[in-house]
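Next come the chains, spelled out residue by residue.
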Amino acid sequence: QVQLVESGGGLVQPGGSLRLSCVASGTFSSIGAMRWYRQAPGNERELVATISSDDSADYADSAKGRFTISRDNAKNTVYLQMNSLKPEDTAVYYCNAIVRRQFYPHDFSYWGQGTQVTVSS
């Protein structure tokens, strides 16, 4: 089994910064793409940023220029650096990872439990 654990959320004033982390643990052969999603109350979960296994990154329009996704493969960790935060960034942020497990012909998708980010003065 594979577990993803996010951390780094909290309360921050508009214009501030936060750095989210997500660590993958368990038994697996490799991790492919890793993603950050977010879900605000009453809204659907939306994709914020993606980073591939070769460090190619892609962002939602709302995140471009303010957020940076990165990964440390040695630590099985993905990060989301969020700058110039706005009240509309308030949401629960979820980590997702595509994982290859030995003896299985297909990849698995795993989710973390989420971390709350609140942007408010």
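Residues numbered from 1 in each chain as written. Predicted model: local features only at pLDDT ≥ 70, side-chain atom pairs only at ≥ 80, totals over all residues. Heavy atoms only, no water.

**With respect to the overall build of the protein**
Consideration 1: Each helix and strand in the protein was counted, giving zero helices and eleven strands.
Consideration 2: In the protein, the order of α-helices and β-strands from amino to carboxyl end is β-β-β-β-β-β-β-β-β-β-β.
Consideration 3: Relative to the globule expectation of 14 Å for 121 residues, the C-alpha radius of gyration of the protein, 14 Å, shows essentially globular dimensions.
Consideration 4: Along the first, second and third principal axes, the C-alpha set of the protein runs to 50 × 25 × 25 Å.
Consideration 5: For the protein, with 121 residues in total, the buried portion stands at 41%.
Consideration 6: Sequence separation of at least 24 residues holds for 54% of the intrachain contacts in the protein that already meet a minimum separation of 6.
Consideration 7: About 6,400 Å² of surface is accessible on the protein, with carbon and sulfur atoms providing 47% of the total. (Helix = DSSP H or I, 4+ residues; strand = E, 2+ residues; numbered from the N terminus. Rg over C-alpha atoms; globule rule 2.2 N^0.38 Å. Buried < 20%, exposed > 50% of the residue type's maximum accessible area, 1.4 Å probe, protein only. Contact = heavy atoms within 4.5 Å. Areas by Shrake-Rupley, 256 points an atom, 1.4 Å probe, with all protein chains shown as cover.)

**Some points on the pattern of salt bridges**
Consideration 1: Inspection of every chain in the model, using the stated rule, returns five salt bridges.
Consideration 2: Ionic pairing is found between Asp 61 and Lys 64, a salt bridge with its closest N-O pair at 3.2 Å.
Consideration 3: Three or more residues are tied together by salt bridges with common partners; here these are Arg 38, Glu 46, Arg 66 and Asp 89. (Salt bridge = Lys/Arg side-chain N within 4 Å of Asp/Glu carboxyl O.)

**A short note on the nonpolar core**
Consideration 1: Judged by nonpolar contacts, the single largest core of 31 residues is most densely connected at Trp 36, Val 48, Phe 67, Val 78, Leu 80, Met 82 and Tyr 93.
Consideration 2: When residues in this core are grouped by element, the largest group, five residues, is from strand β9 (residues 91-100).
Consideration 3: Here Tyr 93 is in contact with Glu 6, Leu 20, Trp 36, Tyr 37, Arg 38, Val 48, Phe 67, Leu 80, Met 82, Gly 114, Thr 115 and Val 117, once residues within four sequence places are set aside. (Core = buried A, V, L, I, M, F, W, Y, C linked by side-chain atoms within 4.5 Å.)

**As for the state of the cysteines**
Consideration 1: Across all of its chains, the model carries one disulfide by this definition.
Consideration 2: The partner cysteine of Cys 22 in its disulfide is Cys 95, sulfur to sulfur 2.1 Å. Between Cys 22 and Cys 95, the S-S torsion sits near -75°, and that sign places the bridge as left-handed. Taken as a pair, Cys 22 in strand β3 (residues 18-26) and Cys 95 in strand β9 lie far apart in primary sequence, 73 residues in all.
Consideration 3: Given the relative accessible area of 0%, Cys 95 is considered buried. (Disulfide = S-S within 2.5 Å.)

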